[in-house]
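Structure assessment
Each chain, letter by letter, is given below.
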Amino acid sequence: MLITLEGIDGSGKSTLHAALREPLADLAPVFTSEPGATWIGAAVRRAIAEQIDPITEATLFVADHAAHLARVVRPALAEGKLVISDRYSDSRYAYQSVTLQGIIPEPEQWLRAMHNSWTIIPDKTFLCVLPVDEALTRLKPQDKREHFERREVLEKVQNNYLSFARAEPSRFVIVDAMLPPGTVAQFVADAIRVMWVAGKKKRRRK
Ligand code: TYD
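Quick caveat, the model's predicted, so the values are computed rather than measured.

Our next topic: the nonpolar core. In this structure, I3, L20, I84 and I192 are the most contacted members of the largest nonpolar core, which totals 50 residues. Here L20 is in contact with L5, F31, I84, A185, V188, A189 and I192, once residues within four sequence places are set aside. With 9 residues, the next largest nonpolar core counts V72, V73, A76 and I120 among its residues.

With that settled, consider the side chain of E57. For E57, the location among the structural elements is in helix α3 (residues 54-78). One buried charged side chain, E57, makes no salt bridge at all; its nearest oppositely charged neighbour is R150, positioned 10 Å away. The residues touching E57, leaving out its near neighbours within four places in the chain, are A47, I48, Q96, T99, H147 and F148.

Two modes of strand pairing occur in sheets, parallel and antiparallel, and in both the strands are linked by backbone hydrogen bonds. Reading across the sheet, the 5 strands line up as β2-β3-β1-β4-β5 and stay open at both edges, with parallel pairing between neighbours. The two strands at the open ends of the sheet, each matched to only one other strand, are β2 (30-33) and β5 (172-176). Within the sheet, the average angular offset between the axes of one strand and its neighbour, ignoring direction, is 20 degrees. Taken together, the 5 bridges between strand β1 (residues 2-7) and strand β4 (residues 124-129) define a ladder with parallel strand orientation. Within β4, the position partnered with L5 by the bridge is F126. Across the sheet, α3 is in contact with β1, β2 and β3 (83-86); its angle to β2 comes to roughly 155 degrees. Relative to β1, helix α4 (residues 89-99) is tilted by about 25 degrees, and along the sheet it contacts β1, β4 and β5.

This part is about a positive patch on the surface. Taken together, the side chains of K200, K201, K202, R203, R204 and R205 define a basic patch exposed on the protein surface. On the accessibility criterion, K202 (51% relative accessible area) is exposed.

Near the ligand lie 13 residues; those nearest to it are D9, R87, R92, Y95 and Q96. Within the side chain of R45, a nitrogen or oxygen atom sits 3.1 Å from an oxygen atom of the ligand. Take R92: an N or O atom from its side chain is 2.8 Å from an oxygen atom of the ligand. Protein contact buries 86% of the 540 Å² of open area that the ligand shows by itself. With 4 residues, α4 is the largest single contributor of residues to the shell around the ligand. Grouping the amino acids of the shell around the ligand by side-chain chemistry returns 4 nonpolar, 2 polar and 7 charged.

The next point concerns the pattern of salt bridges. By the definition in use, this model includes 12 salt bridges. The salt bridge involving R112 is made with E108; its shortest N-O contact spans 2.8 Å. With R112 and E108 both in helix α5 (residues 107-115) and 4 residues apart, this pair spans about one turn of that helix. On the accessibility criterion, R112 (22% relative accessible area) is partly exposed. According to the relative accessible area criterion, E108 is partly exposed, its value standing at 30%. Residues joined in a network through salt bridges with shared partners are D90, E168 and R171.

Rules of the game
Residues numbered from 1 in each chain as written. Predicted model: local features only at pLDDT ≥ 70, side-chain atom pairs only at ≥ 80, totals over all residues. Heavy atoms only, no water. Core = buried A, V, L, I, M, F, W, Y, C linked by side-chain atoms within 4.5 Å. Buried < 20%, exposed > 50% of the residue type's maximum accessible area, 1.4 Å probe, protein only. Contact = heavy atoms within 4.5 Å. Helix = DSSP H or I, 4+ residues; strand = E, 2+ residues; numbered from the N terminus. Lys, Arg positive; Asp, Glu negative; His and termini not counted. Salt bridge = Lys/Arg side-chain N within 4 Å of Asp/Glu carboxyl O. Pairing = 2+ DSSP bridges. Axes fitted to C-alpha atoms, helices over the stretch in contact; angles between N-to-C directions. Patch = residues over 30% accessible without salt bridge, like charges linked within 9 Å, V, L, I, M, F, W, Y side chains within 5 Å. Areas by Shrake-Rupley, 256 points an atom, 1.4 Å probe, with all protein chains shown as cover. Charge placed at Lys NZ, Arg CZ, Asp CG, Glu CD. Near = heavy atom within 4 Å. Polar contact = N/O pair within 3.5 Å; in protein donor to acceptor, adjacent residues only side chain to side chain. Nonpolar A, V, L, I, M, F, W, Y, C, P; charged D, E, K, R; others polar.

Rendered as structure tokens:
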């Protein structure tokens, strides 16, 4: 079963990812993240830091995803494991649709087409949502260097995420990221456990 956590920078999804370890320890999940589950992540970080070029950056993020699937996600799912990823394909569809605006005619379609046929669609995606101003105040000054972390960009990215959630209501769960972190983690951990147990029963019946 593949679970992904999404949201804009400062939405608390990495904190949530870390906070799920303890309550879900008995399910022995594979905790992973994008970018950077493999060495391709180093190239991605360098491309971001240098602001090299939006197409280079986007395709490196896609390469990073392909390597993540090959090395981590596919093998774990083949063993029947629970995989919980901090960011995944929706990050590309949400962020690179913004960074490629004006560079590629239909960025979202282009990005989705690049993933179609080989990516694995998550079983559930928890989307952490909060006012962009709050997200910006949560980001530490040293985190604010990335060009994604500007108000106009994050507004557009969050709107993209929300439109994906409207288009796929059965996959997305919107999480109120203004709630205390412990409350959010408990809610998401419980939801994952319920899905995991239901999935196990289904697998046994087959
Ligand atoms: P992340 O590692 O989640 O952020 P942080 O280093 O703050 O924990 O991701 C780094 C940045 O990359 C973040 O601003 C979001 C962006 N990103 C994309 O633009 N596209 C993608 O496909 C992914 C995975 C991340």
